Amino acid sequence: MKLPKHPVALAFNNASSSSTTTTSSIARKALIASWRQSQNHNEHYSYTFNAPPISSSTPTPPKPNRIITVRQFQCGEQTGVGTGAVVWPAAQILMKYLEKLESTQSKAPTSVSTRAIVLGCGTGIEGCVYSEILSNRHRDKRHHVHNTDVGEVLKLTSENVSSYLATITTIDPDDDLNNFNVELTVGSYMWGEELTWVTDSAVPDDKTFDVILVSDCILPKLYPIEPLVDAIAKLLSKARNGVCYVSYEHRLFAHNGEHFDPKLRFFELCAAAGLHVTTVADEELDELYRMPGEVDVWVVQWVER
């Protein structure tokens, strides 16, 4: 007959288990801090893009990894540039998630020639990273990535995009801007308005996109949520089953003395517009670049009818 454990032994085992869980939690937070805070106050932010292997059906060898560096500066809101002058954790998590999607090729956008737009692009880092993702896919096709924001921050965006494009030939001698298969542009766009400056010679009348990227733009005290959802609804392609990826850092807000949840409001507005929002499970994000309970990645698509 198996004797029950002594209460003291049970208490010791439970304490050990709790200690292990606590240690694991602390280690996890330390890993998050290692990337979240490592470049917080640097003048430049550097991102290593790990080029995925090309599929066996494509004879072209994979491109080399690139280090994409953008200039950033703190407290932009105090100088009239706004909050987009730095690379926030939500943007880092989204970029690494998009990399993972491409490497697994399980949920990557299906369009062969992709039209993408970044809303609230800030430093321009997401557009540069997504250009790398597209340039490693279907190299015989021409892709388009349009960075959009408003105001003074666009000067920083243009500077960073120009610097990125200038590095292409220095990193990969076989590349140059004539055969780089991504058109990367910068322009002003106010959410919800008509997008007039984006042109594509192949489909000049089409102002919709296969992919929309939005990172850390749901800040109701600074930017109303309604125009953002309106912009997504205007720009997301129905015909090509477009996908919008949104990264969102949870923050507490109050309205008229009551708690206000921007996430719920965003979901409500999307539903009213005929858009469905899915939250990406934490385990589907990059193993290191994730902040459970703090940062979400959402996938927004048109509701199937």
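Residues numbered from 1 in each chain as written. Predicted model: local features only at pLDDT ≥ 70, side-chain atom pairs only at ≥ 80, totals over all residues. Heavy atoms only, no water.

**Q** So what's going on with the pairing of strand S11 (residues 295-302)? Residues and values would help.
**A** Of all eight residues in S11, seven are buried; the element is thus mostly enclosed. Alignment of strand S7 (residues 243-249) against S11, held across six bridges, turns out to be antiparallel. Residue pairing across strands places tyrosine 245 opposite valine 299, the latter belonging to S11. The pairing of strand S10 (residues 275-279) with S11 spans five bridges and is classified as antiparallel. Pairing of leucine 275 across the sheet is with tryptophan 302, part of S11. (Buried < 20%, exposed > 50% of the residue type's maximum accessible area, 1.4 Å probe, protein only. Helix = DSSP H or I, 4+ residues; strand = E, 2+ residues; numbered from the N terminus. Pairing = 2+ DSSP bridges.)

**Q** Lay out the packing of helix H5 (residues 225-235) against helix H6 (residues 262-272) in plain terms, naming residues and giving numbers.
**A** Packing of H5 against H6 brings their axes to within 10 Å, and their N-to-C directions diverge by 40 degrees. Considered as vectors, H5 and H6 are oriented oblique to each other. The way H5 lies across H6 gives a crossing that is right-handed. Contacts from Ile225, Glu226, Leu228, Val229 and Ile232 in H5 reach Pro262, Arg265, Phe266, Leu269 and Cys270 in H6. When the residues that make up the contact of H5 with H6 are grouped by side-chain class, the tally is eight nonpolar, no polar and two charged. (Axes fitted to C-alpha atoms, helices over the stretch in contact; angles between N-to-C directions. Parallel < 35°, antiparallel > 145°, perpendicular 65-115°, else oblique. Left-handed = near helix turned anticlockwise from the far one by under 90°. Contact = heavy atoms within 4.5 Å. Nonpolar A, V, L, I, M, F, W, Y, C, P; charged D, E, K, R; others polar.)

**Q** Describe in detail the sheet that holds strand S5 (residues 182-188), supporting the description with residues and values.
**A** What links the strands of a sheet is backbone hydrogen bonding, and the strands pair in either a parallel or an antiparallel sense. Pairing is mixed in the open sheet, where seven strands are placed in the order S5-S4-S3-S6-S7-S11-S10. Only two strands of the sheet have a single partner each, and these edge strands are S5 and S10. Neighbour-to-neighbour, the strand axes of this sheet turn through a mean angle of 20 degrees, independent of strand direction. Looking at chain direction, strand S3 (residues 115-119) and strand S6 (residues 211-215) are connected through four bridges and run parallel. Bridge pairing links alanine 116 to valine 211 in S6.

**Q** Summarise the nonpolar core; cite the residues concerned and give the values.
**A** Core analysis: the largest hydrophobic core is formed by 43 residues, its most contacted members being Tyr97, Ile125, Tyr130 and Tyr245. The biggest single contributor to this core is helix H2 (residues 89-104), with eight residues. Ignoring sequence-local partners within four residues, the contact set of isoleucine 125 consists of Tyr45, Tyr47, Ile68, Val70, Val87 and Met95. In terms of nonpolar packing, the next biggest core, distinct from the first, is built from 29 residues, Tyr189, Trp191, Phe209 and Leu269 among them. (Core = buried A, V, L, I, M, F, W, Y, C linked by side-chain atoms within 4.5 Å.)

**Q** Tell me about unusual backbone geometry, residues and numbers included.
**A** Even without a glycine there, the phi angle at aspartate 216 is positive, about 55 degrees. Its location among the elements puts aspartate 216 in the loop between S6 and H5. By relative accessible area, which is 9% here, aspartate 216 ends up buried. Residue asparagine 241 is not a glycine yet carries a positive backbone phi of 50 degrees. Positionally, asparagine 241 belongs in the loop between H5 and S7. Classification of asparagine 241 as exposed rests on a relative accessible area of 59%.

**Q** Mind laying out the packing of aromatic side chains, listing which residues take part and the relevant values?
**A** All told, the structure shown has six aromatic pairs when counted by the stated rule. Ring centres of tyrosine 97 and tyrosine 245 lie 6.2 Å apart, and the angle between their planes is 70 degrees; this geometry places the pair in the edge-to-face category. Placement of tyrosine 97 in helix H2 and of tyrosine 245 in strand S7 is noted, with a sequence separation of 148 residues between them. Here tyrosine 97 matches tyrosine 245 in class, with each residue buried. Their ring planes at 85 degrees and their centres at 5.1 Å tell us that phenylalanine 267 and tryptophan 298 sit as a pair that is edge-to-face. Of this pair, phenylalanine 267 sits in helix H6 while tryptophan 298 sits in strand S11, and the two are 31 residues apart along the sequence. Residue class for tryptophan 298 comes out buried when judged on its relative accessible area of 0%. Of the aromatic side chains, those joined through ring pairs into one cluster are Tyr248, Phe266, Phe267 and Trp298. One cation-aromatic arrangement involves arginine 115 over phenylalanine 209; the distance from NZ or CZ to the ring centre is 5.0 Å. It is lysine 238 that lies over the ring of tryptophan 302; its NZ or CZ is 4.5 Å from the centre. (Phe/Tyr/Trp six-rings, centres within 6.5 Å; stacked < 30°, edge-to-face > 60°. Lys NZ or Arg CZ within 6 Å of the ring centre and 35° of its normal.)

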